[in-house]
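Tertiary structure, described
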Amino acid sequence: MILVTGATGTIGRHLVRALDDAGASFRALVRDEAKGRKLGCDFVVGDLDEPASVSAALKGVDRLLLNSGGALPVPGPQPMVRQQIAAIDAARTAEVAQLVKVSAWQPGPEAKLSVRAHWEIEQHLHGSGLTWSTLQPTGYMQNFFTGEGGFAGDNTVAGPYGEGRVAYIDAYDIAACAAVLLTSDPEDAGTVHPLTGPEALTHREIAAKLGAPFRDLPPAEAAEDLRARGLPDWFVTDLLWLYADMASGGMSEVIPTVRELTGRAPRTFDEFLAANRSSTTFRVE
């Protein structure tokens, strides 16, 4: 039995369908019962902020997909660190045979926000005694529909991107890789899977594909825009660090992991748009 956390999220919705198509035995952990019903699969209501509910959901489970929300502009440690560490501990107590964690591209102690938080979680996972694998994707193509990937309005791609290239990946492909790991024989403990799309594009090129204007903002102007949204200075500073890494080509490498795991190429940005244009409208908030 597989337990999928984050089942109603960007990756989880695709993963639930992939596991169902594979005929796998699984249940989804959801916070909202109504959203759980819409998934059309076995589900249990729980919350990573409530460790007892996670422990209850893990009864009879031998494999866990660990995923949760990203960084929040709150003081102190990121909530995702506390949430996922508690889930790892619950999985160890439940004697889960395989844990697959959705992480981030090149997590490390010098990184910022969710990238740093994923590194902290991974350190705990490494010492947990569990058999684990991590998926370390670059930015999601979906960010251009949700607004999580830019600072702009009026359907404009705008930010301090420069001409840096990013090998964005479709969450559909992340889910496909997770499904393979969760339905295969457990790997040796400590397997890391960096995930990228099949091409590295500039944000100017992405804007052209979206049919949207592009504005390359100076970092100072981007910072003003972010502060105007009410984000605290420290969060703005950390965001700019992430975008500077992107602009310098820190996410430009293309790696064939998706094909190696799934046997097929990951979706290009054009293929992603073709699959999603009819169901959603481009907007960057």
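Residues numbered from 1 in each chain as written. Predicted model: local features only at pLDDT ≥ 70, side-chain atom pairs only at ≥ 80, totals over all residues. Heavy atoms only, no water.

Going by an unreviewed UniProt entry, the chain carries the name NAD(P)H-binding protein and comes from Micromonospora sonneratiae.

Bringing unusual backbone geometry into the picture now. Although it is not a glycine, E95 sits at a positive phi angle of roughly 60°. For E95, the position within the fold is in the loop between α4 (79–93) and β5 (98–102). According to the relative accessible area criterion, E95 is exposed, its value standing at 67%. (Helix = DSSP H or I, 4+ residues; strand = E, 2+ residues; numbered from the N terminus. Buried < 20%, exposed > 50% of the residue type's maximum accessible area, 1.4 Å probe, protein only.)

Of the two faces of strand β8 (residues 191–195), only the one carrying T191, H193 and L195 is buried; V192 and P194 on the other face are not. Judged from the five bridges that link them, strand β6 (residues 132–137) and β8 form a sheet pairing that is parallel. Looking across to β8, one finds that T134 is bridged to V192. (Pairing = 2+ DSSP bridges.)

What follows covers the packing of helix α9 (residues 219–228) against helix α10 (residues 233–247). As a packed pair, α9 and α10 sit with axes 10 Å apart at the nearest point and diverge in direction by 140°. By the angle class used here, α9 and α10 are oblique. For the element pair α9 and α10, the recorded crossing hand is right-handed. Between α9 and α10, the residues in contact are P219, A222, A223, L226 and R227 and D233, V236, L239 and L240, respectively. Residues that form the contact of α9 with α10 fall into these classes: seven nonpolar, no polar and two charged. (Axes fitted to C-alpha atoms, helices over the stretch in contact; angles between N-to-C directions. Parallel < 35°, antiparallel > 145°, perpendicular 65-115°, else oblique. Left-handed = near helix turned anticlockwise from the far one by under 90°. Contact = heavy atoms within 4.5 Å. Nonpolar A, V, L, I, M, F, W, Y, C, P; charged D, E, K, R; others polar.)

A cluster of basic residues, R13, R17, R31, K35 and K38, forms a positive patch at the surface. Every element with two or more residues in the positive patch is listed here: α1 (12–21) and α2 (33–39). Within the fold, K38 resides in helix α2. (Patch = residues over 30% accessible without salt bridge, like charges linked within 9 Å, V, L, I, M, F, W, Y side chains within 5 Å. Areas by Shrake-Rupley, 256 points an atom, 1.4 Å probe, with all protein chains shown as cover. Salt bridge = Lys/Arg side-chain N within 4 Å of Asp/Glu carboxyl O. Lys, Arg positive; Asp, Glu negative; His and termini not counted. Charge placed at Lys NZ, Arg CZ, Asp CG, Glu CD.)

The end-to-end C-alpha separation of α4 is 22 Å, in line with the 21 Å expected for 15 residues at 1.5 Å each. Considered for burial, the residues of α4 that qualify are P79, M80, V81, Q83, Q84, A87, I88, A90 and A91. The secondary structure elements touched by the buried residues of α4 are α3 (51–57), β4 (63–66), β5 and α5 (113–126). Positive backbone phi, at 60°, marks E95, one or two positions downstream of α4. (Expected span 1.5 Å × (residues − 1).)

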